[in-house]
Amino acid sequence: MSTLSPRQQELLSFAKTVRGFMPDDEGLALFEAGREACRRFPGGALLEVGAWCGKSGVYLGASCEGSQSILFSLDHHRGSEENQVGWEHHDDDLVDPVDNRLNTLPHWQRSVADAGLEESVVGLVGHSHIVARHWTTPLSLLFIDGGHGEEPAWADFRGWTPHVKVGGLLAIHDVFENPADGGRPPFDIYCAAVESGLFVDVSQQGSLRVLERTSPTN
Ligand code: MG
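Residues numbered from 1 in each chain as written. Predicted model: local features only at pLDDT ≥ 70, side-chain atom pairs only at ≥ 80, totals over all residues. Heavy atoms only, no water.

Below, the discussion takes up the coordination of the magnesium ion. The coordination sphere of the magnesium ion, as far as protein atoms go, consists of Asp-145 (OD), His-173 (ND1) and Asp-174 (OD), spread over 2.2 to 2.3 Å. Within one chain, the residues donating to the magnesium ion are spaced in sequence as D-x27-H-D. Within this pair, whereas Asp-145 is found in the loop between strand E6 (139-144) and helix H6 (150-160), its partner Asp-174 is found in the loop between strand E7 (164-172) and helix H7 (185-195), the two being separated by 29 residues in sequence. Judged by relative accessible area, Asp-174 falls into the buried class, the value being 16%. (Donors = N, O, S within 2.8 Å, 3.2 Å for Na, K, Ca; no water. Helix = DSSP H or I, 4+ residues; strand = E, 2+ residues; numbered from the N terminus. Buried < 20%, exposed > 50% of the residue type's maximum accessible area, 1.4 Å probe, protein only.)

For helix H4 (residues 105-115), the set of buried residues is Trp-108, Ser-111, Val-112 and Ala-115. Buried residues in H4, looked at end-on, bunch into an arc of 90°, giving them a common side. Gly-116 sits one or two residues past H4 and shows a positive phi near 70°. (Arc of directions from axis to C-beta.)

Let us now look at the nonpolar core. Counting 30 residues, the largest nonpolar core has Leu-30, Leu-46, Val-58, Leu-60, Leu-117, Leu-141 and Phe-143 as the members making the most contacts within it. When residues of this core are traced back to their parent elements, those giving at least two are helix H1 (6-17), helix H2 (24-40), helix H3 (55-64), H4, E6, E7 and strand E9 (208-213). Phe-143 has contacts with Met-22, Leu-30, Leu-47, Glu-48, Val-49, Ser-56, Leu-60, Ala-171, Ile-172, His-173 and Leu-208, leaving out every residue within four places of it along the chain. (Core = buried A, V, L, I, M, F, W, Y, C linked by side-chain atoms within 4.5 Å. Contact = heavy atoms within 4.5 Å.)

Below, the structure written as structure tokens:
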């Protein structure tokens, strides 16, 4: 890892403390991918699908430090299927007592504010496929970590990957080659990205895959 500013070191330490599902080594790999995207496209736009409580947002926000780049952090903040009551990744204290629905937005806001990243991490609250339909800004980095079911994963792939610039990066989380380690959809969209001829592998850390867009069309 090349030299980090004291501010970036502080943000990376803080990211470890934020609630979420990303191990630190994968968070650091995501940070490095973000830094590379900011280096290639100064002042560019990064976007993550799946913000949860802001952990990956802090890693990517840290990568934007010192550049003019911005991270858009998109989530409906109602949790994915696997976060609902009775599922493995459910957390009772993320439930809004007013309507008994998950609401991670206040936690996301708290993380971004505590990190001091409110000027470089911009929240988008809504459904990914709806926002994607209206999106026009080319992306220097796209990070897909939204719903892990068949339908949301493919919608994220189809809706967002066309916006990645040539030379830009595509990161996908929870890519497990072995079905015993995790669900199929993230692995399937990773394979689709490679098979499209538009993206090539750059690096892997745990279940995080980073690819680069090398071609404008297939
Ligand atoms: Mg994930």
